[in-house]
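Results of the structural survey
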Amino acid sequence: MATTISNTPEKINIKDLIVTQYPLASLCTYQTGGKAEFLAMPANLEQLRTLLEYSRRNQLPITILGGGSNVLISDDGVPGLVILTKNLCSYHVRGTLFCARSGLPLETAINASIESSLSGLETLGGLPGTIGGAVWGNASTHGLQLSHLIEWVDYLTPEGEIARIHRDDDRFAYKRSPFMGTQHIIYEVALRLIPNKNTSEARLRKEQSRKERMDSGQFDHPSAGCVFKNPRGKPAGQLIDEAGIKGLSVGGAQISSWHGNFIINTDGNATSRDILELSERARRAVLDRFGIELEREIVLIGRW
Ligand SMILES: Cc1cc2nc3c(=O)[nH]c(=O)nc-3n(C[C@H](O)[C@H](O)[C@H](O)COP(=O)(O)OP(=O)(O)OC[C@H]3O[C@@H](n4cnc5c(N)ncnc54)[C@H](O)[C@@H]3O)c2cc1C
């Protein structure tokens, strides 16, 4: 399928791309977890393909990390190669299409689209993470799912082939995307936005969304946002509150007092194991009290 991605021939030394035993806690918002066996931060398609080829040859499993704001990284670390997308961060505008590489921070994408007189992303203001992570999890807030804005997504298969999915892919749904359960790497995303010359009004709306998040206390402690997806009916946070376990702690992890679906790393000393154990207790409490099985939203990464 035709894509807009061009190839840049480049001589790549794999040793320059990879570091070993890299501590991952600083790369995720829980600030917990062990080391990556290998870590790389490719800056273009050729480097990414070289890494895929190297991993295939050496039978290294691959884990993709964007902003690390929806993951729980094992205390025992991550075997194989962790690919951090932060250097895949260029973007351009074509008419009403905002096209971004997957590692672009969502916040930068929102600001850049507003400055390009394009609207649509403002309600996501303050949402941490990258465009790639937001597509993978179909990030949503205030009724807006990112998939509503997607025109196409270009991704790499484990063999290094580029392929494209389009906006009408029916595998996008609430907190679901076609990328879950696959080894595909989201490379570039095109969002169809709306022309809006009133940039100051758009900036204000984005700032309001960001401020709402800040004022609600979401960023007072390390967390990864909501631990569980909302089931039909009641929000997961309300079910956890009504199960009577608000404020419950395991080690340094606590169910937040202001939002039952947030587990926080209270004093920075929680382990990933504490967080997982606490989330299991919350899941069991809701199951016992209401007979509802909560589905985890945060993604477990590494050796568990
Ligand atoms: C305080 C706080 C509030 C939050 N509020 C919300 C909210 O309102 N709504 C919401 O939806 N989420 C929310 N989140 C969760 C999180 O911010 C989003 O899910 C975000 O989109 C994740 O992006 P990321 O880049 O951090 O992904 P990561 O956490 O790095 O990765 C998440 C998953 O995506 C995969 N992935 C990432 N990039 C790629 C890629 N390029 N190719 C293939 N796979 C990839 C990873 O392998 C992993 O499985 C919140 C988080 C925090 C900390």
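It should be noted that the structure appears before, not after, this text.
Before going into details, it helps to say that this report is about the structure given with it.

How each quantity is defined
Residues numbered from 1 in each chain as written. Predicted model: local features only at pLDDT ≥ 70, side-chain atom pairs only at ≥ 80, totals over all residues. Heavy atoms only, no water. Core = buried A, V, L, I, M, F, W, Y, C linked by side-chain atoms within 4.5 Å. Buried < 20%, exposed > 50% of the residue type's maximum accessible area, 1.4 Å probe, protein only. Helix = DSSP H or I, 4+ residues; strand = E, 2+ residues; numbered from the N terminus. Domains from an automatic or database assignment. Expected span 1.5 Å × (residues − 1). Contact = heavy atoms within 4.5 Å. Phe/Tyr/Trp six-rings, centres within 6.5 Å; stacked < 30°, edge-to-face > 60°. Lys NZ or Arg CZ within 6 Å of the ring centre and 35° of its normal. Near = heavy atom within 4 Å. Polar contact = N/O pair within 3.5 Å; in protein donor to acceptor, adjacent residues only side chain to side chain. Areas by Shrake-Rupley, 256 points an atom, 1.4 Å probe, with all protein chains shown as cover. Nonpolar A, V, L, I, M, F, W, Y, C, P; charged D, E, K, R; others polar.

**Here we look at the nonpolar core**
Of all hydrophobic cores here, the largest spans 35 residues; its most connected members are Leu24, Tyr30, Leu65, Ile73, Ile240 and Ile263. Per element, the largest residue contribution to this core is six residues, and it comes from helix H7 (residues 272-290). Residues lining this core come from more than one domain, with at least three contributed by each of domain 1 (14-84) and domain 3 (236-301). Counting residues in each nonpolar core, the second largest holds 31 residues, with Leu104, Ala134, Val189 and Leu193 among its members.

**As for helix H5 (residues 199-215)**
Each turn of an α-helix holds 3.6 residues, which means side chains three or four residues apart point in the same direction. Helix length check: H5, at 17 residues, gives a terminal C-alpha distance of 24 Å against a target of 24 Å (1.5 Å per residue), a fit within 8%. If you follow the buried residues of H5, they end up packed against helix H3 (106-115), strand S8 (118-119) and strand S9 (140-141).

**What to know about the packing of aromatic side chains**
Using the criterion set out here, one finds three aromatic pairs in the structure. Ring plane angle 25 degrees and centroid distance 5.4 Å describe the contact between tyrosine 91 and phenylalanine 98, whose orientation is recorded as stacked. In this structure tyrosine 91 comes out as partly exposed when scored by relative accessible area, which is 40%. Ring plane angle 75 degrees and centroid distance 5.4 Å describe the contact between tyrosine 155 and phenylalanine 179, whose orientation is recorded as edge-to-face. Linking tyrosine 155 in strand S11 (residues 150-156) with phenylalanine 179 in the loop between strand S12 (162-166) and strand S13 (185-192), this pair joins segments that are 24 residues apart in sequence. For the pair shown, tyrosine 155 and phenylalanine 179 are each scored as buried. Its end group placed over the ring of tryptophan 152, arginine 164 keeps NZ or CZ at 3.8 Å from the ring centre.

**A few points about the site of the ligand**
In the vicinity of the ligand, 32 residues are found, and the nearest of them are Ile64, Gly66, Ser69, Thr130 and Ser140. The contact in question runs from a nitrogen atom of the ligand to an N or O atom on the backbone of serine 140, over 2.8 Å. Isolated, the ligand exposes 970 Å² of accessible area, and the fraction of that covered by the protein chains is 94%. Mapped by element, the contributors of at least two residues to the shell around the ligand are strand S3 (62-65), helix H4 (131-136) and S13. A per-element tally of the shell around the ligand places H4 first, with four residues. Partitioning the shell around the ligand into residue classes produces 13 nonpolar, 17 polar and two charged.

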